[in-house]
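Letter by letter, the chains look like this.
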Amino acid sequence: MGNYTSSILKTSRIRPDGIEKVTGKLSYLTDLQIQGMLYGKVLRSQYPHAKILNISVEKAEQLPGVKAVITSKDVPGLNGFGLIFPDQPVFCDSVVRYVGDAIAAVAAITPEIAEKALHLIEVDYEPLPVIDDPEKALDPSSIPLHPNGNLLHQASYVNGNVHESFPHCDVVVEETYQLPRQMHAYMETEGGLFIPEEDGLSVYAGTQHGYKDRFQLSRILDLPETEIRVVSSPMGGSFGGKDELNIQPYGALLALKTGCPVKIHQSRRESVCAGIKKHPMKITVKTGATKEGKLLAHQVRILADTGAYATLGPAVLDFAVEHAVGPYVIPNVETHGFCLFTNNGVAGEFRGFGGNQITFALEGQIDRLADQLGICPLEMRKRNLRKPTDCGPVGQEIAPTNGDELVLKEIAHSPLLKTEKAHKQDSWKKVGTGVALTMHGGGLGFGRLDPAGGKIALNQDGKIQIMFGFEEVGQGLLAVIETLTTKAIGCSTADLEIVIGDTDKAPHSGSSTASRGTSMVWHSLERLKGPFIEKLVTQASAISDYPKEQLVLGENGVWLCENSEEKLVVTYKQLAEEKTVSVETQFDFPTTPNAIPGGHFLYSFAAVAVKVEVNLVTGHVKVIDIDQAVAAGPVVNPIGYLGQIEGGTIMALGYTLLEEAQMEEGRYVTNNFDSYLIPGIQDIPASMHVRAIEDLWEGDSYGPRGVGEIGTIALAPAIARAIYEATGHWVTKLPVSRDEILQSRERI
Amino acid sequence: MMKKQTIQQEHVFEQQLINISLCVNGQEQTIEVEATKRLVDILREDLQLTGTKISCEIGRCGACSVMMDKKLVNACLIRAYQVNGKEIMTIEALSQNGLHPIQNAFLEEGGFQCGYCTPGMVMAVKALLDEHPAPDEEQILQALSGNLCRCTGYSGIIRSILKMK
Ligand code: FES
Ligand code: FES
């Protein structure tokens, strides 16, 4: 066991937040406590869909120890939030649309009293019919959940003519794929501390975009943004799940109402009930190819269950539509996507952002066609791969790249694909292998506000401060910032002070999402380093009389580099005593120039090979070996990179084989880790190998891409292919059901 | 049809306060708490030892793992009346004299990312190594089967343990 290797695992520097984490000394925002703080709790709906006839809070207010009970009447500003449209009420007062809808919130001197007060709030409901399926939501006779009906968003891409080309195909495959509602399952549930200040409010609560929270809170609280400070880092995991507001509005309102600090920390049950999930999707695909294995036509219909509110639903659907053909050239494409409101929880941002779902369908089609045509699955992919300077999957201009070709070539050499599988097996255990490929866009894409930026300064204490509005969710951003900054500037880690995740101290950098953090830190430093170094050496030159051309930044200060002589000329501290210096940059994440909503410009790639063992007696699928190749530009921090790929892969293993946040009639059936199973240590394969391909296409000036998502995409289709090889059964629905495997055996 | 709904109320008992003495990380503590208060809350709230985390509260994730009389337990499942006279060791004790070898191994091999499962995970590894200084595969899987990590995919954690062998 324990064969977890990588082509990149050289020694990494210990990550800056490492010691605090392994010793338990790091204070997460849900660990914060302060004298005199109150405990907040939120009353959520009893029904997935109902009218609210009356809310009475008097009994709760009278409970000794209760300091405030608030409802929609207590929202001074906009009673709504949402990253795209603010359609989710902070507090519902006339209708509830899912079981996580908030109706009231309480602050009390102990959590027990707050809990008891929730029980004393009386709400009269009139239950309404529950829309628990997007097909139902599409039905014109269904009750509309929002003023504009149940269709939140529709997106399409059409090129050529699929209908005319299907008759010319030698083989056509049609299939419907069903993808589950996955839960982020970050170990730290949502929470934080809210402190009223003389001039406003301080919010200490995890999020993936502190400035966006500040903006949304300012609308709700009717406070100027400048009076709100959001400290949003560190976090015990997020994976997209904490990007939207969660408990922040309640903590903030309660703190302002009571004038006391308020702490909220959701229990796991509350987190499951109120938190967003990954979009369940039903994807129907018809794909045709010639007998030579050339793809001719691809028709796709995506039905996404976005739940009760919009959050990032439209963007996730756009992403899925964009990635419908992945890295392949298909002359005739027709993709239609529909994102529908239902009473099933809320679906939103999730690592992979629609890529997991659509890639499962796409790669499934390629494998089925290859099988019918008798072509090797790797060869089938190769024959249809885009060329490095081809446009992107929706016909848009993209940065030229051959990452797809490189990862495919690399994975073709995977030893696990070469193992003999036929004999030496128990008759009830079958082994199979599979391969899959993915192409994944970074950044938010065309037409979305996607500003980035950073700031570097020499402060009064002689420290070089590098500042970003990003958050450390666990992804290792601090290590990335440290590595890139010391490399760009030349100073040592001891000279550096990293400031992130604080709207009072760090500049706007955009969100810590969409695999954009690493990339944006690199881009910022490309812009910051020149002017910053220039200012410091000019100042050092004035003090020391050495020509500035001979001066460089180094450990502890500015050094003279003349011929072979190196000496410290002036320390940062001495420089700072003369004058502090700061340089700031603001720019946008690069997008395609073509006006395609959400269209990406920078992509990363991964190819996965997997070996599974299917137990025909129990239906259990065990993953025994995973090999993958990733092309995402230069590796910044080897341990961080590897960790993102390995961790993402195991999250994908859970998605494929274990995880589903099940709902029945709009209510969660899986409420905690006893019924919602994420992979444990026994579920992981005995061997995993990651190869990083660092080369970029000639002339690519966009530096390292993020790898937060790329490891989560291609595993599911690769496992499905491996199961087919082992059993002759094509899986179309995730997570793979043991019963289905057993039944498929009976049919054979 | 109108439904008048208040949440089903469990009987809320007036909590009985008890005095308990326990030894936490080598320090004797006497505190007055509700008899059924959970050890994880005693540690985090009364003793400000927030290194021990809380995540599922039902004994399924191991984020709250601590040692009680040298045995690994989930602090979310232990009540105040059960800890009277016991010896508790939390993550905070491990680095009292510099980093513990387990902690060093986690740092070098990527045994953590967000770090939220890490204190519990490190305690579980300690319990494993106390019992089996050179654990085999089965022993590692057994010992860590109660500790969930969502970030690392466990491979970095296993690398860390193998490194110490
Ligand atoms: S919080 Fe105790 S086991 Fe999960
Ligand atoms: S490091 Fe994040 S849960 Fe383990």
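Residues numbered from 1 in each chain as written. Chains lettered and ligands numbered in written order. Predicted model: local features only at pLDDT ≥ 70, side-chain atom pairs only at ≥ 80, totals over all residues. Heavy atoms only, no water.

J.: Explanation requested: the sheet that holds strand E21 (residues 464-468) of chain A in the structure shown.
T.: Whenever strands of a sheet pair, they do so through backbone hydrogen bonds, lying parallel or antiparallel. Residue and element names in this part refer to chain A. Within the open sheet, the 4 strands sit side by side as E22-E21-E20-E26. Their pairing is mixed. The open sheet has two edge strands with one neighbour each: strand E22 (496-500) and strand E26 (581-588). The sheet shows a mean angle of 15° between the axes of neighbouring strands, taken without regard to direction. In this sheet, E22 lies alongside E21 in parallel orientation, the contact comprising 5 bridges. The partner of Ile466 across the bridge, within E22, is Ile498. Its contacts with the sheet place helix H13 (residues 477-489) against strand E20 (451-458), E21 and E22, and it is angled at close to 135° to E22. Where helix H14 (residues 517-544) meets the sheet, it contacts E20, E21 and E26, and its direction lies at approximately 155° from that of E26. (Pairing = 2+ DSSP bridges. Helix = DSSP H or I, 4+ residues; strand = E, 2+ residues; numbered from the N terminus. Axes fitted to C-alpha atoms, helices over the stretch in contact; angles between N-to-C directions. Contact = heavy atoms within 4.5 Å.)

J.: Sorry if this is basic, but what is going on with helix H7 (residues 248-258) of chain A here?
T.: Along an α-helix, residues three or four positions apart point the same way, because every turn accommodates 3.6 residues. Burial analysis of H7 of chain A places 8 of its 11 residues in the buried class, the great majority of the element. Where H7 of chain A terminates, the next one or two residues include Gly259 of chain A, which has phi positive at roughly 70°. (Buried < 20%, exposed > 50% of the residue type's maximum accessible area, 1.4 Å probe, protein only.)

J.: Would you explain the side chain of Glu659 of chain A in this entry?
T.: Note that Glu659 of chain A resides in the loop between helix H16 (638-657) and strand E29 (663-664). Only 3.1 Å separates the side chain of Glu659 of chain A from the side chain of Gln182 of chain A, close enough to count as a polar contact. Looking at Glu659 of chain A, its side chain comes within polar contact range of the side chain of Arg150 of chain B, at 2.7 Å. Every residue in contact with Glu659 of chain A, bar those within four places of it in the chain, is listed here: Pro180, Gln182, Met183, Met651, Gly654, Tyr676, Leu677, Ile678, Pro679 and Pro735 of chain A together with Arg150 of chain B. (Polar contact = N/O pair within 3.5 Å; in protein donor to acceptor, adjacent residues only side chain to side chain.)

J.: Can you help me understand the side chain of Thr290 of chain A in this one?
T.: All names here are of chain A. Checked against the element boundaries, Thr290 lands in the loop between strand E15 (281-289) and strand E16 (295-307). Given the relative accessible area of 13%, Thr290 is considered buried. Once residues within four sequence positions are removed from consideration, Thr290 is found in contact with Asp170, Leu296 and Leu373.

J.: What should I look at first to understand the sheet that holds strand E6 (residues 102-108) of chain A in this one?
T.: Residues and elements named next belong to chain A. Strand order in the open sheet made by the 7 strands is E4-E6-E2-E13-E10-E11-E12, with mixed pairing throughout. On the outer flanks of this sheet lie strand E4 (66-70) and strand E12 (228-231), each paired with one strand and no other. Averaged over all neighbouring strand pairs, the angle between strand axes comes to 20°, with direction disregarded. With 4 bridges joining them, strand E10 (residues 191-197) and strand E13 (residues 262-265) adopt antiparallel strand pairing. Across the sheet, the residue bridging to Leu193 is Lys263, located in E13. Packing of helix H6 (residues 210-221) onto the sheet brings it into contact with strand E11 (200-205) and E12, and relative to E12 it is tilted by some 140°. Taken strand by strand, H7 contacts strand E2 (38-44), E4, E6, E10, E11 and E13, and its axis lies near 125° from that of E4.

J.: Explanation requested: the domain arrangement of chain A in the structure shown.
T.: Interface size is commonly expressed as the accessible surface area that is lost when the partners come together. Residues and elements named next belong to chain A. Split by domain assignment, chain A resolves into domain 1 (32-128 + 187-237 + 242-274), domain 2 (281-445 + 595-747) and domain 3 (451-588). Between the C-alpha centres of domain 1 and domain 3 the distance comes to 39 Å. The interface is formed by 17 residues belonging to domain 1 together with 17 residues belonging to domain 3. Together domain 1 and domain 3 conceal approximately 1,300 Å² of surface at their shared face, both sides included; 48% is due to carbon and sulfur atoms. Summed over the three residues of domain 1 that lose the most area to domain 3, namely Gln208, Tyr211 and Arg229, the buried surface amounts to 47% of that side. Here domain 1 is connected to domain 3 by 2 salt bridges. The salt bridge involving Asp502 is made with Arg229; its shortest N-O contact spans 2.5 Å. Run the count over domain 1 and domain 3 and you get 11 residue pairs in polar contact (both at pLDDT 80 or more). Elements represented by at least two residues in the side of domain 1 that touches domain 3 include exactly H6 and E12. Take the side of domain 1 that touches domain 3: its biggest share by element is 4 residues, from E12. Tallied by class, residues from the side of domain 1 that touches domain 3 come to 6 nonpolar, 8 polar and 3 charged. (Domains from an automatic or database assignment. Buried area = accessible area lost by both parts, 1.4 Å probe. Salt bridge = Lys/Arg side-chain N within 4 Å of Asp/Glu carboxyl O. Nonpolar A, V, L, I, M, F, W, Y, C, P; charged D, E, K, R; others polar.)

J.: Help me understand the UniProt feature "domain: Aldehyde oxidase/xanthine dehydrogenase a/b hammerhead" (unreviewed entry) in chain A in this model?
T.: According to UniProt, the feature "domain: Aldehyde oxidase/xanthine dehydrogenase a/b hammerhead" (unreviewed entry) maps to residues 23-129 of chain A in the numbering used here. Helix makes up 14% of residues 23-129 of chain A and strand 32%. Its end C-alpha atoms lie 51 Å apart. (UniProt positions renumbered as here; feature names shortened; annotations may be inferred.)

J.: Honestly, the interface of chain A and chain B in this entry has me stumped. Any pointers?
T.: Listed per partner, the contact involves 69 residues of chain A and 59 residues of chain B. Taken together, the two surfaces of chain A and chain B that pack against each other cover about 5,400 Å², and 60% of this comes from carbon and sulfur. Residue Arg44 of chain B pairs with Asp31 of chain A through a salt bridge whose shortest N-O separation is 2.9 Å. Scanning the region where chain A abuts chain B turns up 24 residue pairs in polar contact (both at pLDDT 80 or more). Listed by contribution, the elements that provide at least two residues to the side of chain A that touches chain B are helix H1 (18-22), helix H3 (111-120), strand E7 (122-127) and H16 of chain A. Looking at the side of chain A that touches chain B element by element, the count peaks at 8 residues for H16 of chain A.

J.: Please clarify how the packing of aromatic side chains should be interpreted in this entry.
T.: Residues and elements named next belong to chain A. Going through the model one piece at a time under the given rule, you end up with 9 aromatic pairs over all chains. Consider the rings of Phe91 and Tyr250, whose centres lie 5.2 Å apart with planes at 65°: the pair is edge-to-face. Of this pair, Phe91 sits in the loop between E4 and strand E5 (95-96) while Tyr250 sits in helix H7, placing them 159 residues apart in sequence. Tyr250 carries the same exposure label as Phe91, and that label is buried. Judged by centre distance (5.8 Å) and plane angle (85°), the rings of Phe319 and Phe353 are edge-to-face. Separated by 34 residues along the polypeptide, Phe319 in helix H9 (residues 313-322) and Phe353 in the loop between strand E18 (346-347) and helix H10 (355-373) bring together distant segments of the chain. By relative accessible area, which is 4% here, Phe319 ends up buried. (Phe/Tyr/Trp six-rings, centres within 6.5 Å; stacked < 30°, edge-to-face > 60°.)

J.: I would appreciate a short explanation of the confidence of the model for chain B in the present structure.
T.: Atomic detail in the predicted coordinates should be set aside for any region of low pLDDT. All names here are of chain B. Residues with a pLDDT of 70 or more make up 92% of chain B, whose mean pLDDT is 93. Counting contacts from residues 7-13, a segment whose pLDDT is below 50, to residues more than four positions away or on other chains yields 8 contacts. This complex was scored by the predictor with a pTM of 0.96 and an ipTM of 0.96. (pLDDT = per-residue confidence, 0-100.)

J.: Can you help me understand the pattern of salt bridges in this one?
T.: Where charged atoms from two side chains of opposite charge approach closely, those side chains can pair. Applying the stated criterion across every chain, the model contains 43 salt bridges over all chains. A salt bridge links Arg381 of chain A to Glu363 of chain A; its shortest N-O distance comes to 2.7 Å. Of the two residues, Arg381 of chain A is situated in helix H11 (residues 377-384) and Glu363 of chain A in helix H10; the sequence distance between them amounts to 18 residues. For Glu363 of chain A, a relative accessible area of 0% gives the class buried. Across the pair Glu87 of chain B and Lys70 of chain B runs a salt bridge whose closest N-O atoms are separated by 3.7 Å. Separated by 17 residues along the polypeptide, Glu87 of chain B in strand E6 (residues 87-89) and Lys70 of chain B in the loop between strand E4 (65-68) and strand E5 (71-74) bring together distant segments of the chain. Connected via shared salt-bridge partners are Glu646 of chain A together with Glu108, Glu109, Arg159 and Lys163 of chain B.

J.: Could you clarify how one ought to interpret the domain arrangement of chain B in this entry?
T.: All names here are of chain B. As far as domains go, chain B holds domain 1 (16-91) and domain 2 (101-164). Counting residues at the interface gives 14 residues for domain 1 and 13 residues for domain 2. Here domain 1 packs against domain 2, burying approximately 1,100 Å² in sum over the two surfaces, 67% of which is carbon and sulfur. A per-residue breakdown of the area domain 1 buries against domain 2 is headed by Met67, Leu72 and Ile91, which together make up 39% of the total. The interface formed by domain 1 and domain 2 contains 0 salt bridges. There are 5 residue pairs in polar contact (both at pLDDT 80 or more) connecting domain 1 and domain 2. Residues that form the side of domain 1 that touches domain 2 fall into these classes: 7 nonpolar, 5 polar and 2 charged.

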